[in-house]
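Overview (structure and organization)
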Amino acid sequence: MVLLGTAIKSSEVEDEKDKLEYSIPYDLEVEILSRLPTKSMMKARCVSKIWSSIIRSQRFVDSYYTLSLTRSRFIVTLCNGDVYAKRDVERLLIFSSSFEEEKSSSLVATLDMTIPSVVLNYNFKCPSIHGFLGCCSSRFQFIVCNPTTRQVITLPIKGIRASLGYDPVGRQFKALNLVTRHELFPDFLVHEVITFGGRGEVSRKKVTTAPYYPVADGLYINGYIYYAAWAPMLRMDPVIVCFDVRYEKISFINAPRDVVFWEFESILIDYRGKLASISIYPYAPFQSFGLWILEDAMKHDWSKQTFELPFPLVDVTSPGTNKAGEIIFTPKYLLNHGQPFFIFYYNVEKKNIRSVRLHGVVDDEEFWRRYGLLKNMTVTISPEHVESIASL
(Lines give C-alpha, C1' and ligand atoms only; values in the text may rest on other atoms or scores of the structure.)
Protein backbone atom coordinates (compact mmCIF):
# COMPACT_ATOMS: atom_id res chain seq x y z
CA MET A 1 0.00 0.00 0.00
CA VAL A 2 2.94 2.35 0.62
CA LEU A 3 4.23 1.69 -2.89
CA LEU A 4 0.76 2.27 -4.35
CA GLY A 5 0.24 5.51 -2.50
CA THR A 6 3.69 6.68 -3.58
CA ALA A 7 2.90 5.82 -7.20
CA ILE A 8 -0.46 7.62 -7.26
CA LYS A 9 1.00 10.82 -5.85
CA SER A 10 4.32 10.55 -7.65
CA SER A 11 5.31 13.12 -10.23
CA GLU A 12 8.57 11.36 -11.07
CA VAL A 13 9.60 10.75 -14.64
CA GLU A 14 8.24 7.82 -16.62
CA ASP A 15 11.25 5.56 -16.14
CA GLU A 16 10.78 5.71 -12.36
CA LYS A 17 7.20 4.53 -12.84
CA ASP A 18 8.41 1.65 -14.99
CA LYS A 19 10.86 0.58 -12.28
CA LEU A 20 8.04 0.62 -9.74
CA GLU A 21 5.82 -1.51 -11.97
CA TYR A 22 8.37 -4.25 -12.40
CA SER A 23 9.26 -4.25 -8.71
CA ILE A 24 5.77 -5.55 -7.79
CA PRO A 25 4.64 -9.04 -8.87
CA TYR A 26 1.60 -8.94 -11.13
CA ASP A 27 -0.65 -10.96 -8.80
CA LEU A 28 0.23 -8.64 -5.93
CA GLU A 29 -0.64 -5.61 -8.06
CA VAL A 30 -4.09 -7.10 -8.74
CA GLU A 31 -4.60 -7.81 -5.04
CA ILE A 32 -3.56 -4.27 -4.03
CA LEU A 33 -5.77 -2.63 -6.65
CA SER A 34 -8.78 -4.72 -5.65
CA ARG A 35 -8.56 -3.38 -2.09
CA LEU A 36 -8.50 0.28 -3.07
CA PRO A 37 -11.45 2.59 -2.43
CA THR A 38 -13.31 3.13 -5.67
CA LYS A 39 -12.24 6.75 -6.20
CA SER A 40 -8.58 5.82 -5.68
CA MET A 41 -8.98 2.95 -8.13
CA MET A 42 -10.30 5.29 -10.80
CA LYS A 43 -7.25 7.53 -10.28
CA ALA A 44 -4.94 4.50 -10.38
CA ARG A 45 -5.92 3.89 -14.01
CA CYS A 46 -3.86 6.97 -14.90
CA VAL A 47 -0.72 5.85 -13.07
CA SER A 48 0.52 3.33 -15.61
CA LYS A 49 -0.53 1.28 -18.62
CA ILE A 50 -0.25 -1.93 -16.61
CA TRP A 51 -2.60 -0.73 -13.88
CA SER A 52 -5.01 0.66 -16.45
CA SER A 53 -4.99 -2.68 -18.26
CA ILE A 54 -5.63 -4.59 -15.02
CA ILE A 55 -8.50 -2.39 -13.88
CA ARG A 56 -10.20 -2.41 -17.28
CA SER A 57 -9.86 -6.19 -17.80
CA GLN A 58 -13.09 -8.20 -17.75
CA ARG A 59 -11.71 -10.53 -15.11
CA PHE A 60 -10.95 -7.64 -12.73
CA VAL A 61 -14.31 -5.97 -13.44
CA ASP A 62 -16.16 -9.21 -12.64
CA SER A 63 -14.10 -9.78 -9.50
CA TYR A 64 -14.80 -6.24 -8.27
CA TYR A 65 -18.53 -6.63 -8.88
CA THR A 66 -18.60 -9.91 -6.94
CA LEU A 67 -16.82 -8.23 -4.04
CA SER A 68 -19.26 -5.30 -4.19
CA LEU A 69 -22.21 -7.66 -3.75
CA THR A 70 -21.22 -7.94 -0.09
CA ARG A 71 -21.16 -4.17 0.46
CA SER A 72 -24.06 -2.75 -1.51
CA ARG A 73 -24.82 0.97 -1.33
CA PHE A 74 -27.93 3.07 -0.91
CA ILE A 75 -28.61 5.30 -3.95
CA VAL A 76 -30.90 8.34 -3.97
CA THR A 77 -31.70 10.03 -7.29
CA LEU A 78 -33.47 13.38 -7.38
CA CYS A 79 -35.02 14.86 -10.50
CA ASN A 80 -34.95 18.67 -10.46
CA GLY A 81 -37.34 20.30 -12.91
CA ASP A 82 -40.25 19.36 -15.12
CA VAL A 83 -41.30 20.04 -18.70
CA TYR A 84 -42.14 23.65 -17.73
CA ALA A 85 -38.87 24.40 -15.90
CA LYS A 86 -36.01 26.43 -17.32
CA ARG A 87 -33.45 24.29 -19.10
CA ASP A 88 -30.52 25.50 -16.98
CA VAL A 89 -32.01 24.11 -13.73
CA GLU A 90 -32.95 20.72 -15.11
CA ARG A 91 -30.74 17.95 -13.76
CA LEU A 92 -30.50 14.62 -12.02
CA LEU A 93 -28.65 14.57 -8.70
CA ILE A 94 -27.29 11.20 -7.61
CA PHE A 95 -26.37 10.59 -3.96
CA SER A 96 -25.07 7.46 -2.27
CA SER A 97 -24.56 6.13 1.23
CA SER A 98 -23.04 3.00 2.67
CA PHE A 99 -25.51 0.24 3.47
CA GLU A 100 -27.46 0.84 6.67
CA GLU A 101 -27.08 -1.27 9.78
CA GLU A 102 -30.26 -2.75 11.19
CA LYS A 103 -30.02 -0.70 14.41
CA SER A 104 -28.96 2.59 12.81
CA SER A 105 -31.34 5.55 13.06
CA SER A 106 -29.64 7.69 10.43
CA LEU A 107 -27.66 7.55 7.21
CA VAL A 108 -25.44 10.18 5.63
CA ALA A 109 -25.48 10.47 1.85
CA THR A 110 -22.96 12.28 -0.34
CA LEU A 111 -23.47 13.74 -3.80
CA ASP A 112 -21.75 11.49 -6.36
CA MET A 113 -22.66 13.20 -9.62
CA THR A 114 -25.12 15.42 -11.44
CA ILE A 115 -26.44 15.01 -14.98
CA PRO A 116 -27.57 18.32 -16.52
CA SER A 117 -30.52 18.90 -18.85
CA VAL A 118 -32.41 15.75 -17.86
CA VAL A 119 -36.06 15.60 -16.75
CA LEU A 120 -37.76 12.27 -16.15
CA ASN A 121 -41.15 11.41 -17.57
CA TYR A 122 -43.91 11.78 -14.99
CA ASN A 123 -43.81 9.11 -12.28
CA PHE A 124 -40.92 7.30 -13.96
CA LYS A 125 -38.02 6.15 -11.79
CA CYS A 126 -34.27 5.74 -12.14
CA PRO A 127 -33.55 2.24 -10.78
CA SER A 128 -30.19 0.55 -10.26
CA ILE A 129 -29.46 -2.49 -12.41
CA HIS A 130 -26.12 -4.35 -12.33
CA GLY A 131 -24.19 -1.27 -11.23
CA PHE A 132 -25.86 1.19 -13.63
CA LEU A 133 -28.84 3.54 -13.37
CA GLY A 134 -31.31 3.75 -16.23
CA CYS A 135 -34.02 6.35 -16.73
CA CYS A 136 -36.35 7.67 -19.38
CA SER A 137 -36.06 11.38 -20.19
CA SER A 138 -39.03 13.48 -21.29
CA ARG A 139 -37.13 14.38 -24.47
CA PHE A 140 -37.20 10.91 -26.04
CA GLN A 141 -33.85 9.97 -24.55
CA PHE A 142 -32.85 7.00 -22.43
CA ILE A 143 -30.11 7.90 -19.96
CA VAL A 144 -27.76 5.24 -18.59
CA CYS A 145 -25.06 6.15 -16.08
CA ASN A 146 -22.56 4.50 -13.75
CA PRO A 147 -22.29 6.45 -10.47
CA THR A 148 -18.97 4.75 -9.72
CA THR A 149 -17.13 5.68 -12.93
CA ARG A 150 -19.42 8.64 -13.70
CA GLN A 151 -19.88 7.45 -17.26
CA VAL A 152 -23.10 8.67 -18.89
CA ILE A 153 -24.53 7.55 -22.23
CA THR A 154 -27.63 8.89 -23.95
CA LEU A 155 -29.68 6.70 -26.30
CA PRO A 156 -32.34 8.22 -28.56
CA ILE A 157 -35.68 6.41 -28.24
CA LYS A 158 -38.88 6.55 -30.29
CA GLY A 159 -41.47 6.24 -27.52
CA ILE A 160 -41.86 7.74 -24.06
CA ARG A 161 -41.71 4.37 -22.24
CA ALA A 162 -38.42 2.52 -21.84
CA SER A 163 -37.02 0.22 -19.14
CA LEU A 164 -33.53 -1.15 -18.52
CA GLY A 165 -32.63 -4.81 -18.13
CA TYR A 166 -29.47 -6.93 -18.07
CA ASP A 167 -28.57 -10.22 -19.75
CA PRO A 168 -26.00 -11.89 -17.44
CA VAL A 169 -25.22 -14.61 -19.98
CA GLY A 170 -24.51 -12.30 -22.90
CA ARG A 171 -23.10 -9.61 -20.56
CA GLN A 172 -25.28 -7.00 -22.24
CA PHE A 173 -27.70 -4.32 -21.17
CA LYS A 174 -30.98 -3.99 -23.03
CA ALA A 175 -33.58 -1.23 -22.98
CA LEU A 176 -37.14 -2.14 -23.94
CA ASN A 177 -38.81 0.84 -25.63
CA LEU A 178 -42.52 0.84 -26.45
CA VAL A 179 -42.66 2.66 -29.79
CA THR A 180 -46.33 2.63 -30.85
CA ARG A 181 -49.50 3.42 -28.92
CA HIS A 182 -52.66 1.34 -28.77
CA GLU A 183 -54.81 4.30 -29.85
CA LEU A 184 -52.89 4.57 -33.15
CA PHE A 185 -52.29 0.86 -33.82
CA PRO A 186 -55.21 -1.11 -32.33
CA ASP A 187 -54.14 -4.50 -33.73
CA PHE A 188 -50.55 -4.71 -32.46
CA LEU A 189 -47.83 -2.85 -30.59
CA VAL A 190 -44.24 -2.32 -31.74
CA HIS A 191 -41.32 -2.34 -29.29
CA GLU A 192 -37.67 -1.63 -29.94
CA VAL A 193 -35.04 -3.60 -28.05
CA ILE A 194 -31.84 -1.55 -27.74
CA THR A 195 -28.80 -3.68 -26.93
CA PHE A 196 -25.52 -2.22 -25.70
CA GLY A 197 -22.51 -3.46 -23.76
CA GLY A 198 -18.79 -3.09 -23.11
CA ARG A 199 -17.63 -2.62 -26.72
CA GLY A 200 -19.50 0.60 -27.37
CA GLU A 201 -21.75 -1.07 -29.96
CA VAL A 202 -25.49 -0.40 -30.05
CA SER A 203 -28.01 -2.55 -31.94
CA ARG A 204 -31.76 -2.23 -32.34
CA LYS A 205 -34.42 -4.85 -33.00
CA LYS A 206 -38.20 -4.63 -33.37
CA VAL A 207 -40.53 -6.87 -31.34
CA THR A 208 -44.32 -6.90 -31.85
CA THR A 209 -47.05 -8.09 -29.50
CA ALA A 210 -50.80 -8.14 -29.16
CA PRO A 211 -52.15 -4.75 -28.02
CA TYR A 212 -52.14 -3.73 -24.35
CA TYR A 213 -52.31 -0.57 -22.24
CA PRO A 214 -49.16 -0.03 -20.11
CA VAL A 215 -49.78 1.91 -16.91
CA ALA A 216 -46.55 1.83 -14.87
CA ASP A 217 -42.77 1.94 -15.12
CA GLY A 218 -40.80 -1.27 -15.62
CA LEU A 219 -39.10 -3.34 -12.91
CA TYR A 220 -36.11 -5.61 -13.58
CA ILE A 221 -35.74 -8.90 -11.62
CA ASN A 222 -33.33 -11.72 -12.47
CA GLY A 223 -33.36 -11.46 -16.26
CA TYR A 224 -36.91 -10.18 -16.73
CA ILE A 225 -38.54 -6.75 -17.01
CA TYR A 226 -42.06 -6.52 -15.59
CA TYR A 227 -44.65 -3.76 -15.77
CA ALA A 228 -48.35 -3.41 -15.05
CA ALA A 229 -50.89 -3.11 -17.87
CA TRP A 230 -54.43 -3.77 -19.02
CA ALA A 231 -54.95 -6.34 -21.80
CA PRO A 232 -56.88 -6.75 -23.93
CA MET A 233 -59.55 -4.46 -22.45
CA LEU A 234 -58.65 -1.16 -20.77
CA ARG A 235 -59.52 -1.19 -17.04
CA MET A 236 -61.08 -4.63 -17.43
CA ASP A 237 -58.26 -7.17 -17.74
CA PRO A 238 -55.26 -6.60 -15.40
CA VAL A 239 -51.96 -8.18 -16.49
CA ILE A 240 -48.23 -8.03 -15.94
CA VAL A 241 -46.19 -7.65 -19.12
CA CYS A 242 -43.07 -9.83 -18.88
CA PHE A 243 -40.03 -9.26 -21.11
CA ASP A 244 -37.36 -11.97 -21.22
CA VAL A 245 -34.19 -9.90 -21.58
CA ARG A 246 -31.98 -12.69 -22.95
CA TYR A 247 -34.42 -14.15 -25.51
CA GLU A 248 -36.23 -10.85 -26.20
CA LYS A 249 -39.71 -12.34 -25.89
CA ILE A 250 -42.78 -10.73 -24.36
CA SER A 251 -45.48 -12.64 -22.49
CA PHE A 252 -48.42 -11.78 -20.25
CA ILE A 253 -49.21 -12.86 -16.70
CA ASN A 254 -52.73 -12.50 -15.35
CA ALA A 255 -52.71 -10.28 -12.29
CA PRO A 256 -55.08 -9.44 -9.42
CA ARG A 257 -57.01 -6.25 -10.02
CA ASP A 258 -55.39 -4.64 -6.96
CA VAL A 259 -51.96 -4.87 -8.63
CA VAL A 260 -52.94 -2.71 -11.62
CA PHE A 261 -55.95 -0.72 -10.37
CA TRP A 262 -54.09 2.48 -9.42
CA GLU A 263 -52.27 2.46 -12.77
CA PHE A 264 -49.24 4.81 -12.69
CA GLU A 265 -49.40 4.77 -8.88
CA SER A 266 -49.11 0.96 -8.88
CA ILE A 267 -46.11 -0.33 -6.93
CA LEU A 268 -44.11 -3.34 -8.15
CA ILE A 269 -41.15 -4.56 -6.09
CA ASP A 270 -38.57 -7.31 -5.95
CA TYR A 271 -39.55 -9.34 -2.88
CA ARG A 272 -36.90 -11.96 -2.11
CA GLY A 273 -36.32 -12.58 -5.81
CA LYS A 274 -40.01 -12.71 -6.73
CA LEU A 275 -42.22 -10.12 -8.37
CA ALA A 276 -44.54 -8.56 -5.82
CA SER A 277 -46.90 -5.61 -5.50
CA ILE A 278 -47.61 -3.26 -2.60
CA SER A 279 -51.32 -2.41 -2.60
CA ILE A 280 -52.20 0.89 -0.90
CA TYR A 281 -54.54 3.83 -1.39
CA PRO A 282 -52.13 6.37 -2.93
CA TYR A 283 -54.05 9.61 -2.38
CA ALA A 284 -54.48 9.69 1.40
CA PRO A 285 -52.73 8.46 4.55
CA PHE A 286 -52.85 4.67 4.89
CA GLN A 287 -52.29 2.42 7.89
CA SER A 288 -52.47 -0.99 6.22
CA PHE A 289 -51.18 -2.46 2.98
CA GLY A 290 -51.54 -5.60 0.92
CA LEU A 291 -48.56 -7.60 -0.31
CA TRP A 292 -49.29 -9.58 -3.46
CA ILE A 293 -46.54 -12.07 -4.42
CA LEU A 294 -46.27 -13.84 -7.79
CA GLU A 295 -45.63 -17.42 -6.67
CA ASP A 296 -45.76 -19.11 -10.08
CA ALA A 297 -45.64 -17.13 -13.34
CA MET A 298 -46.53 -20.15 -15.49
CA LYS A 299 -49.69 -20.81 -13.46
CA HIS A 300 -50.47 -17.10 -12.91
CA ASP A 301 -50.57 -17.90 -9.21
CA TRP A 302 -50.48 -15.05 -6.66
CA SER A 303 -50.59 -15.03 -2.87
CA LYS A 304 -51.70 -12.15 -0.64
CA GLN A 305 -50.91 -10.97 2.87
CA THR A 306 -52.24 -7.89 4.65
CA PHE A 307 -50.26 -5.90 7.21
CA GLU A 308 -51.20 -3.20 9.71
CA LEU A 309 -48.91 -0.26 10.46
CA PRO A 310 -48.58 1.28 13.93
CA PHE A 311 -49.04 4.76 12.43
CA PRO A 312 -50.23 6.11 9.07
CA LEU A 313 -47.94 6.94 6.15
CA VAL A 314 -48.68 9.38 3.34
CA ASP A 315 -47.15 10.28 -0.04
CA VAL A 316 -44.77 7.34 0.00
CA THR A 317 -43.91 4.53 -2.35
CA SER A 318 -41.84 1.38 -1.97
CA PRO A 319 -38.55 0.69 -3.81
CA GLY A 320 -38.44 -2.88 -2.50
CA THR A 321 -36.67 -4.52 0.42
CA ASN A 322 -33.28 -4.54 2.09
CA LYS A 323 -31.09 -7.61 2.64
CA ALA A 324 -32.98 -8.43 5.85
CA GLY A 325 -36.25 -8.63 3.89
CA GLU A 326 -37.76 -5.50 5.45
CA ILE A 327 -40.16 -3.66 3.15
CA ILE A 328 -38.99 -0.09 2.56
CA PHE A 329 -41.27 2.94 2.27
CA THR A 330 -39.79 6.22 1.01
CA PRO A 331 -41.14 9.68 0.08
CA LYS A 332 -42.23 10.20 -3.51
CA TYR A 333 -41.09 13.81 -3.50
CA LEU A 334 -38.68 16.09 -1.69
CA LEU A 335 -40.76 19.16 -0.93
CA ASN A 336 -38.17 21.64 0.38
CA HIS A 337 -34.84 21.87 2.17
CA GLY A 338 -36.41 22.20 5.63
CA GLN A 339 -38.25 18.88 5.42
CA PRO A 340 -36.60 15.90 7.20
CA PHE A 341 -36.08 12.94 4.87
CA PHE A 342 -37.22 9.72 6.57
CA ILE A 343 -37.12 6.16 5.29
CA PHE A 344 -39.35 3.52 6.89
CA TYR A 345 -38.56 -0.19 7.23
CA TYR A 346 -41.39 -2.65 7.92
CA ASN A 347 -40.49 -6.09 9.30
CA VAL A 348 -43.13 -8.53 8.04
CA GLU A 349 -42.21 -11.17 10.63
CA LYS A 350 -42.06 -8.96 13.74
CA LYS A 351 -44.88 -6.74 12.44
CA ASN A 352 -43.04 -3.58 13.48
CA ILE A 353 -41.67 -0.53 11.71
CA ARG A 354 -38.57 1.60 12.23
CA SER A 355 -37.56 4.94 10.76
CA VAL A 356 -34.15 6.09 9.51
CA ARG A 357 -33.37 9.71 8.77
CA LEU A 358 -31.29 10.34 5.67
CA HIS A 359 -28.92 13.29 6.04
CA GLY A 360 -26.98 15.00 3.27
CA VAL A 361 -29.69 14.93 0.61
CA VAL A 362 -29.95 18.65 -0.18
CA ASP A 363 -30.79 19.51 3.41
CA ASP A 364 -29.00 22.83 3.44
CA GLU A 365 -30.27 26.05 1.91
CA GLU A 366 -26.98 27.01 0.24
CA PHE A 367 -27.00 23.71 -1.68
CA TRP A 368 -30.49 24.48 -3.01
CA ARG A 369 -29.39 27.91 -4.22
CA ARG A 370 -26.21 26.60 -5.86
CA TYR A 371 -28.08 24.08 -8.02
CA GLY A 372 -31.27 26.11 -8.50
CA LEU A 373 -33.34 23.36 -6.93
CA LEU A 374 -37.13 23.44 -7.13
CA LYS A 375 -39.77 22.13 -4.77
CA ASN A 376 -41.42 18.73 -5.25
CA MET A 377 -38.40 16.98 -6.72
CA THR A 378 -39.11 13.36 -7.68
CA VAL A 379 -37.21 10.84 -5.55
CA THR A 380 -35.94 7.41 -6.61
CA ILE A 381 -34.40 5.09 -4.04
CA SER A 382 -32.26 2.06 -4.94
CA PRO A 383 -31.63 0.32 -1.61
CA GLU A 384 -29.36 -2.42 -2.99
CA HIS A 385 -27.08 -0.69 -5.49
CA VAL A 386 -23.98 -2.75 -6.31
CA GLU A 387 -20.95 -0.79 -7.46
CA SER A 388 -19.44 -1.65 -10.83
CA ILE A 389 -16.31 -0.37 -12.59
CA ALA A 390 -17.53 -1.58 -16.00
CA SER A 391 -17.71 0.78 -18.94
CA LEU A 392 -20.25 0.80 -21.76
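Since this is a predicted model, take the numbers as computed values, not measurements.

Quick look at the overall build of the protein chain
When its secondary structure is counted, the protein chain shows 8 helices and 27 strands. Relative to the 2.2 N^0.38 estimate, which gives 21 Å for 392 residues, the radius of gyration of the protein chain is 22 Å and therefore close to what a compact globule would have. Across its three principal directions, the C-alpha atoms of the protein chain cover 75 × 45 × 45 Å. Within the span of the protein chain, comprising 392 residues, buried residues form 52% of the whole. In the protein chain, of all internal contacts separated by at least 6 residues, the share reaching a separation of at least 24 is 49%. Looking at the protein chain as shown, the accessible area adds up to about 19,200 Å², and 53% of this sits on carbon and sulfur atoms. Taken as two groups, the 45 positive and 43 negative side-chain charges of the protein chain have centres that lie 2 Å from each other.

Some remarks on the sheet that holds strand β19 (residues 274-279)
The strand order β18-β19-β20-β21 describes an open sheet built from 4 strands, whose pairing is antiparallel. Looking at which strands have only one partner, the edges of the open sheet turn out to be β18 (267-271) and β21 (301-313). Pairwise comparison of adjacent strand axes, ignoring direction, gives a mean angle of 30° for this sheet. Here 5 bridges tie β18 to β19, and the two strands are oriented antiparallel to one another. Bridging from a neighbouring strand, Leu268 pairs with Ser277 of β19.

Focus on the pairing of strand β8 (residues 151-156)
Each regular strand carries side chains that alternate between the two faces of the sheet. Of the two faces of β8, the one holding Gln151, Ile153 and Leu155 is buried and the one holding Val152, Thr154 and Pro156 is not buried anywhere. Here 6 bridges tie strand β7 (residues 141-146) to β8, and the two strands are oriented antiparallel to one another. Opposite Asn146, over in β8, you have Gln151 as the bridge partner. Hairpin geometry of β7 and β8 is characterised by an intervening segment of 4 residues between the two adjacent antiparallel strands and by a positive phi of about 70° at Arg150.

Things to note about the UniProt feature "domain: F-box" (unreviewed entry) in the protein chain
Residues given the UniProt feature "domain: F-box" (unreviewed entry) here are residues 24-64. Across residues 24-64, the secondary structure splits into 76% helix and 0% strand, with the terminal C-alpha atoms separated by 21 Å.

Some words on helix α6 (residues 58-68)
Note: α-helices contain 3.6 residues per turn, so residues at a spacing of three or four share the same orientation. Taken as a whole, α6 has its buried residues at Phe60, Val61, Tyr64, Tyr65 and Ser68. Buried positions in α6, seen along its axis, are confined to an arc of 135° and lie on one side of it. Looking at the packing, one finds that the buried side of α6 touches α3 (26-34), α4 (38-44) and α5 (49-56).

Points about the packing of α3 against α5
One way to put it is that α3 packs onto α5 with a least axis distance of 11 Å and a crossing angle of 65°. Crossing of α3 against α5: the hand is right-handed. On α5, the residues that touch Tyr26, Glu29, Val30 and Leu33 of α3 are Ile50, Trp51, Ile54 and Ile55. The class makeup of the residues in the contact of α3 with α5 is 7 nonpolar, no polar and 1 charged.

Description of the state of the cysteines
One pass over the structure, following the stated rule, counts 0 disulfides. Note on Cys145: no disulfide assigned, nearest cysteine sulfur contributed by Cys126 at a separation of 5.8 Å.

A word on α5
Here α5 has its buried residues at Trp51, Ser52, Ile54 and Ile55. Summarising the axial view, the buried residues of α5 lie within an arc of 160°, below the 170-degree limit, and thus occupy one face. What points out from α5, more than 90 degrees from its buried face, is the exposed set Lys49 and Arg56.

What about the nonpolar core?
Generally speaking, a soluble globular protein has its nonpolar side chains buried in company with each other. In this structure, Val76, Leu78, Phe95, Leu334, Leu358, Val361 and Val362 are the most contacted members of the largest nonpolar core, which totals 23 residues. Elements supplying a minimum of two residues to this core: β1 (73-80), β2 (91-98), β25 (342-347), β26 (352-359), α8 (365-371) and β27 (377-385). Among all residues touching Val76, those that are not within four sequence positions of it are Leu93, Ile94, Phe95, Leu358, Val361, Val379, Thr380 and Ile381. One finds Phe286, Leu291, Phe344 and Tyr346 within the second-largest nonpolar core, a separate group that totals 20 residues.

Some thoughts on the side chain of Ser68
Positionally, Ser68 belongs in helix α6. Judged by its relative accessible area of 1%, Ser68 is buried. Setting aside anything within four residues of it in sequence, one finds Ser68 in contact with Val386 and Glu387.

Here is what the cut-offs are and how they apply
- Residues numbered from 1 in each chain as written.
- Predicted model: local features only at pLDDT ≥ 70, side-chain atom pairs only at ≥ 80, totals over all residues.
- Heavy atoms only, no water.
- Helix = DSSP H or I, 4+ residues; strand = E, 2+ residues; numbered from the N terminus.
- Rg over C-alpha atoms; globule rule 2.2 N^0.38 Å.
- Buried < 20%, exposed > 50% of the residue type's maximum accessible area, 1.4 Å probe, protein only.
- Contact = heavy atoms within 4.5 Å.
- Areas by Shrake-Rupley, 256 points an atom, 1.4 Å probe, with all protein chains shown as cover.
- Lys, Arg positive; Asp, Glu negative; His and termini not counted.
- Charge placed at Lys NZ, Arg CZ, Asp CG, Glu CD.
- Pairing = 2+ DSSP bridges.
- Axes fitted to C-alpha atoms, helices over the stretch in contact; angles between N-to-C directions.
- UniProt positions renumbered as here; feature names shortened; annotations may be inferred.
- Arc of directions from axis to C-beta.
- Left-handed = near helix turned anticlockwise from the far one by under 90°.
- Nonpolar A, V, L, I, M, F, W, Y, C, P; charged D, E, K, R; others polar.
- Disulfide = S-S within 2.5 Å.
- Core = buried A, V, L, I, M, F, W, Y, C linked by side-chain atoms within 4.5 Å.

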